[in-house]
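Given next are the chains, with one letter for each unit.
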Amino acid sequence: MTTKKSDFLFRLYLVIFLAYLLLPLIVMGGAAFNDSRFPSVFPWAGFTLNWFVELWNDARLINSFKNTILVALAVVLLSVPIGAAAAILINSIGGATRSILYGLMVAPILTPGAVIGISTLLFWNKLAVPLGLHLAVLGQVSYIAAFVMLLVLARLQSFDRSLEEAALDLGASHSMVLRRILLPHLYPALGAGAVIAFFQSIENFNITLFTRGPYDTLTVYVFSKVRSGITPTINALAVILIAVTLTGALVVELRRRRVQAKSA
Amino acid sequence: MSASVELQDVCADFGSFRAVDNVSLSIEAGEFFSFLGPSGCGKTTILRMVSGFISPTAGTISIGGKDMRNQRPNQRPTALIFQNLALFPLMPIWENIAFGLEARGVDKKTRRKRAEELLALVDLPNAADKTVAQLSGGQKQRVAIARALAVEPSVMLLDEPLSALDLKLRQHMRAELRAIQKRTNVTFIYITHDQGEALAMSDRVAVMSHGKLQQVAPPREIYNQPATGFVAAFVGESNIFSGTLASRSGDRGEFQTESGVFKGRLGPDIGDGAKLYVRPEHVKLDAAAINGNTIPVEVTDIAFEGNFISIQTIDATGRTVVSETRNDGTASVPDRGTKLFASFDADKAFILADEAKNQPVAAA
Amino acid sequence: MNDLVHRYGTALTLLMCLAVAFWLVILVIVPNLYLFENSFRPYLPVQDMGGPKDVYTLKNYLTFFNSPIHITVFISTVLYSSIVTVICFVLAYPLAYYLSKKVSVKSLPAIFLLLTVPLWVSEIMRSFAWFIILSLRGPLNYLLINIEVIDKPIRWMTGFRSVIIGLVYTYVLFMLFPIYNAIQSLDTAQIEAADDLGAPWWRIHWRVILPHAKPGIASGSVMVFMLSAGSILVPTLLASTNSRWFTEIIQQWMFESLDWNTGAAYAFLLLILCTVFVTLVMRIFRVKLSDIAK
Ligand SMILES: Nc1ncnc2c1ncn2[C@@H]1O[C@H](COP(=O)(O)OP(=O)(O)OP(=O)(O)O)[C@@H](O)[C@H]1O
Ligand SMILES: [Mg+2]
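Residues numbered from 1 in each chain as written. Chains lettered and ligands numbered in written order. Predicted model: local features only at pLDDT ≥ 70, side-chain atom pairs only at ≥ 80, totals over all residues. Heavy atoms only, no water.

1. Some thoughts on the interface of chain C and chain A
When the parts come together, some accessible area is lost, and that loss is often what is quoted as the size of the interface.
Then, in step 1: On the side of chain A, 91 residues touch chain C, which itself brings 95 residues to the contact.
Then, in step 2: Around 8500 Å² of area is buried between chain C and chain A when both sides are counted, 81% of it from carbon and sulfur atoms.
Then, in step 3: By the criterion of area lost to chain A, the three top residues of chain C are Arg7, Trp23 and Trp120 of chain C, representing 10% of everything that side buries.
Then, in step 4: Run the count over chain C and chain A and you get 3 salt bridges.
Then, in step 5: Salt-bridge contacts for Arg7 of chain C lead to Glu164 of chain A; the nearest nitrogen and oxygen are separated by 2.8 Å.
Then, in step 6: Seen at the junction of chain C and chain A, the total is 12 residue pairs in polar contact (both at pLDDT 80 or more).
Then, in step 7: The greatest single-element share of the side of chain C that touches chain A, amounting to 25 residues, is contributed by helix α1 (residues 2-38) of chain C.
Then, in step 8: Across the side of chain C that touches chain A, the residue classes tally to 74 nonpolar, 13 polar and 8 charged. (Contact = heavy atoms within 4.5 Å. Buried area = accessible area lost by both parts, 1.4 Å probe. Salt bridge = Lys/Arg side-chain N within 4 Å of Asp/Glu carboxyl O. Polar contact = N/O pair within 3.5 Å; in protein donor to acceptor, adjacent residues only side chain to side chain. Helix = DSSP H or I, 4+ residues; strand = E, 2+ residues; numbered from the N terminus. Nonpolar A, V, L, I, M, F, W, Y, C, P; charged D, E, K, R; others polar.)

As structure tokens, then:
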């Protein structure tokens, strides 16, 4: 089974697959620097940074960027505590109640964004809450909290519950048990949860589309631009976003490796 | 500094399973008291009730004369050393030790100072800033003890604290624990399934089986005068003869077995199912028969154990009778196949209620 | 529960329960019930709401069942989402196997870094990239003409072709990672033992590796299908007039007709579709919900 030939084929496949994943992004990024009205890399009409300048002068874009960050921060602030509480709760119960609660908690992950968006819209509209970014936040929290819950729950599996009892036995108050024993153990999961919540929120389109009202977020704004007539400014924006997130991802990864190397 | 602990008719149920069955005993202030029993007999459950993590299904527990019914674990004057130690892995050693003080709002400088004093007490200077992962098993053990001592408990509860250590270290820590107990004069309640540990360290030992107390007595009495068949079989070795009680007079009885009729001391509460127990070191082997409690045997095997010699024999019915003699360097050892007479003193033989009758009891 | 009170006290426990209740009741259960309820109400002007005309009705669902076009769109959405799911599996499985059992541990982090790059780029940008590539005057046609494979540009974005390409590209990683995780937990010794016994490679996959990868395949399939059927961006960007997606019709009700009630009914149909799919997958693969959502 481990013949040379099959190994070569696998390797070839990996290269093709990676090319398939990355080439479109490179094409899109390249088009941001091409001096052509239509975003493309062929034919190459000369190098330009005009599209970045045009982007910078787009006030709506800057505004939608601010909105996106605000929404993402709010989502992090809500979904991390909710997800953590849910994980702690479900970890301490068993039997049928646990299965039911677990099912309810993961259901939003398996629900299409459009459904979450519309149900959120209808419900809050009934309560006379106007559309807007706050509803986008609530809609997003409903499924992002589930991601946090799953991360924290996984981390709780490695938690030795007798530590809490030991702390109580030594006279610690309940809040001290939480602050000094449980939360420090959960920090890695909470951190990962916060990062994932942040990016999921920035990414989100389906829920935001139905709940945003008159406000723009980045994805919605880009969507409307793409529909109304594309220009390479969108590519320029993509280049910036990719650069920022990749740098962020790289920094996180490098730091993780440094920590790992230190503890090893 | 130390307090007495009183258990009265304490029961603990998990569902329909009774883990602790009607236990009553009182532990004196400053005593080193051990619970001894096989795995699963309810020892940990008792400790968890005393420290307040579970409430008894029935009965009362009082510490220092005070009923503990509504006292939460963090309000009781007890400190529990967990079976797995439960040291806080994310804190340096000194914060581990000072955790109880932190909970009491002691300022950081005092905490640090106290932690270092306690580290000196348990013979671990220079460990203050290490992490838990950097310590060896024995060192972790001592940190756990220091952490418990830091809150100046009146009662220390220790759940098999030495079970994870190797033999040498275990023996060293036995002495150390005993010394710390004498120095601090705190009441120690100690759990173990290692009889050597219980007998060597304790002022008194409670032997348990299937959630029930079998005997509560000083170590010597546990060994020399077992109250039940379970104790006789579990603590030390015994030759066990099945049979029926033929007659009784006072605290003596005659016991009919297949191998013959033996005289022995009667234990408490003997019903139909009783057995006769006699320790190997009380079985003597002679060339000539002596009157009473004597049976002819044949030597089948000899085991040299260092400080003593164990001689295995079988009697006419084929049952094994073991005799042990101290090895003082001059003891003569019979050859295999030698025909001898085994005898034992009626004072050293016990007719006790059968352990098979102490089966687990389902809760009502 | 009692246990929680023991550890964290009444106040903290109550706080945690409240947070979870807020999430599950206010954000999940009640809005969905409300969606359900609304889908049975007629679309009325404001002054008629709560009036005599505001009664429960099946009208919104009948709109769907009486519209051959909508039914066709629904069926094509199901069909093409399933095709996307299958293609994603075919693409991802060999790679997942290769990565988990063959690649040296040293090169894995680098490969994974490269694999996850697209995940850091938002979905809209990924669809947009294919929009550029596949457009009539785009780089793909230009390239193909220049190397003389074709002599005039191909209209790629017609029918469901481009939608499938876009969806596969966008969601294939959601298939890859669960399968990778599942296969990785398989003891390599089992594969070697089967190999030792002379089993041909396809048999080893069929009898040993695939069964072990089941939870991963189930998880990946559910995610890819749900995301595809519920996708709005990809179909809007890459579909043509002759290839409409069900979510586009929902959008029409919500934003063009402003008939939220019929929109709710259609959204509910989509929800039912996904629920049925999850249930089917759980049955077929004999896995639990906790295997799928990890
Ligand atoms: N939370 C629980 N739920 C159900 N049964 C339990 C629980 N805790 C303990 N038990 C049962 O109660 C009995 C006594 O348990 P306990 O932990 O007190 O034993 P132990 O004497 O400490 O044993 P060991 O020497 O193995 O630590 C055991 O049979 C155990 O299975
Ligand atoms: Mg125990």
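2. Observations concerning the confidence of the model for chain A
Then, in step 1: Scored by pLDDT, chain A comes out at a mean of 87, with 97% of its residues at no less than 70.
Then, in step 2: Averaged pLDDT values over the elements of chain A bottom out at 78 in helix α11 (residues 233-263) of chain A and peak at 94 in helix α6 (residues 133-156) of chain A. (pLDDT = per-residue confidence, 0-100.)

3. Topic: the site of ligand 1
All names here are of chain B.
Then, in step 1: Contacts to ligand 1 come from 13 residues, most closely from Ser39, Gly40, Lys43, Thr44 and Thr45.
Then, in step 2: The side chain of Thr44 places a nitrogen or oxygen atom 2.5 Å from an oxygen atom of ligand 1.
Then, in step 3: Notes on ligand 1: free accessible area 630 Å², of which the protein chains cover 61%.
Then, in step 4: Elements with a contribution of two residues or more to the shell around ligand 1: β2 (17-27) and α1 (43-51).
Then, in step 5: Here the shell around ligand 1 gets 3 residues from one element, more than from any other, and that element is α1.
Then, in step 6: Across the shell around ligand 1, the residue classes break down as 4 nonpolar, 7 polar and 2 charged. (Near = heavy atom within 4 Å. Areas by Shrake-Rupley, 256 points an atom, 1.4 Å probe, with all protein chains shown as cover.)

4. What to know about the pairing of strand β13 (residues 260-266) of chain B
Residues and elements named next belong to chain B.
Then, in step 1: Here strand β12 (residues 252-257) runs beside β13; their pairing, made up of 6 bridges, is antiparallel. Among the inter-strand pairings, Phe255 is bridged to a residue of β13, identified as Phe262.
Then, in step 2: Hairpin connection between β12 and β13: a loop of 2 residues separates the two successive antiparallel strands.
Then, in step 3: Sheet topology places β13 next to strand β20 (residues 349-353); 2 bridges connect them, and they run parallel. Counterpart to Leu266 in the pairing with β20 is Ile351. (Pairing = 2+ DSSP bridges.)

5. Points about the UniProt feature "domain: ABC transmembrane type-1" (unreviewed entry) in chain C
Then, in step 1: The UniProt entry lists residues 74-281 of chain C under the feature "domain: ABC transmembrane type-1" (unreviewed entry), expressed in the numbering used here.
Then, in step 2: Helix makes up 78% of residues 74-281 of chain C and strand 0%, and the two end C-alpha atoms of the span are 20 Å apart. (UniProt positions renumbered as here; feature names shortened; annotations may be inferred.)

6. A word on the state of the cysteines
Then, in step 1: As enumerated under the stated definition, the model contains 0 disulfides over all chains in all.
Then, in step 2: Looking at Cys41 of chain B, it has no disulfide partner, and the nearest cysteine sulfur is the one in Cys11 of chain B, 15 Å off.
Then, in step 3: Look at Cys41 of chain B and you get buried, because its relative accessible area is 2%.
Then, in step 4: The thiol of Cys274 of chain C is not disulfide-bonded; the next cysteine sulfur, from Cys88 of chain C, is found 15 Å away.
Then, in step 5: Its relative accessible area of 2% is what places Cys274 of chain C among the buried residues. (Disulfide = S-S within 2.5 Å. Buried < 20%, exposed > 50% of the residue type's maximum accessible area, 1.4 Å probe, protein only.)

7. As for the interface of chain B and chain A
Then, in step 1: Residue-level contacts link 26 residues of chain B with 18 residues of chain A.
Then, in step 2: Together chain B and chain A conceal approximately 1800 Å² of surface at their shared face, both sides included; 61% is due to carbon and sulfur atoms.
Then, in step 3: Between chain B and chain A we count 3 salt bridges in total.
Then, in step 4: A salt bridge links Arg48 of chain B to Glu165 of chain A; the nearest nitrogen and oxygen atoms lie 2.9 Å apart.
Then, in step 5: Linking chain B with chain A are 8 residue pairs in polar contact (both at pLDDT 80 or more), by the criterion used here.
Then, in step 6: Looking at the side of chain B that touches chain A, the elements with two or more residues in it are α1, β6 (78-81), α3 (99-103) and α5 (137-150) of chain B.
Then, in step 7: Residue contributions to the side of chain B that touches chain A peak at 4 residues, all from α3 of chain B.
Then, in step 8: Here the side of chain B that touches chain A is built from residues that sort into 15 nonpolar, 5 polar and 6 charged.

8. Details of the UniProt feature "transmembrane region" (unreviewed entry) in chain A
Residues and elements named next belong to chain A.
Then, in step 1: With numbering matched to this structure, UniProt assigns "transmembrane region" (unreviewed entry) to residues 12-33, 69-90, 102-125, 131-153, 181-202 and 233-252.
Then, in step 2: In this annotation, residues 69-90 is assigned 100% helix and 0% strand; the end-to-end C-alpha distance for the span is 31 Å.
Then, in step 3: Span residues 233-252 is 100% helix and 0% strand, its end C-alpha atoms 29 Å apart.

9. Description of the side chain of Thr13 of chain C
Then, in step 1: Following the sequence through the fold, Thr13 of chain C ends up in helix α1.
Then, in step 2: Since its relative accessible area comes to 5%, Thr13 of chain C is described here as buried.

10. So, the packing of aromatic side chains
Residues and elements named next belong to chain C.
Then, in step 1: Here the structure, examined in full by the defined rule, presents 42 aromatic pairs over all chains.
Then, in step 2: Measuring from centroid to centroid gives 5.0 Å for Phe64 and Phe65, while their planes differ by 80°, and the two rings are edge-to-face.
Then, in step 3: Summarising the aromatic geometry, the rings of Phe246 and Tyr266 are spaced 5.6 Å apart at their centres and angled 10° between planes, so their arrangement reads as stacked. One end of the pair, Phe246, is in helix α11 (residues 246-256); the other, Tyr266, is in helix α12 (residues 260-285), with 20 residues separating them in the sequence.
Then, in step 4: Relative accessible area serves as the criterion here: at 0%, Phe246 is assigned to the buried category.
Then, in step 5: Joined through ring pairs, the aromatic side chains of Phe64, Phe65, Phe74, Phe246, Trp253 and Tyr266 make up one cluster. (Phe/Tyr/Trp six-rings, centres within 6.5 Å; stacked < 30°, edge-to-face > 60°.)

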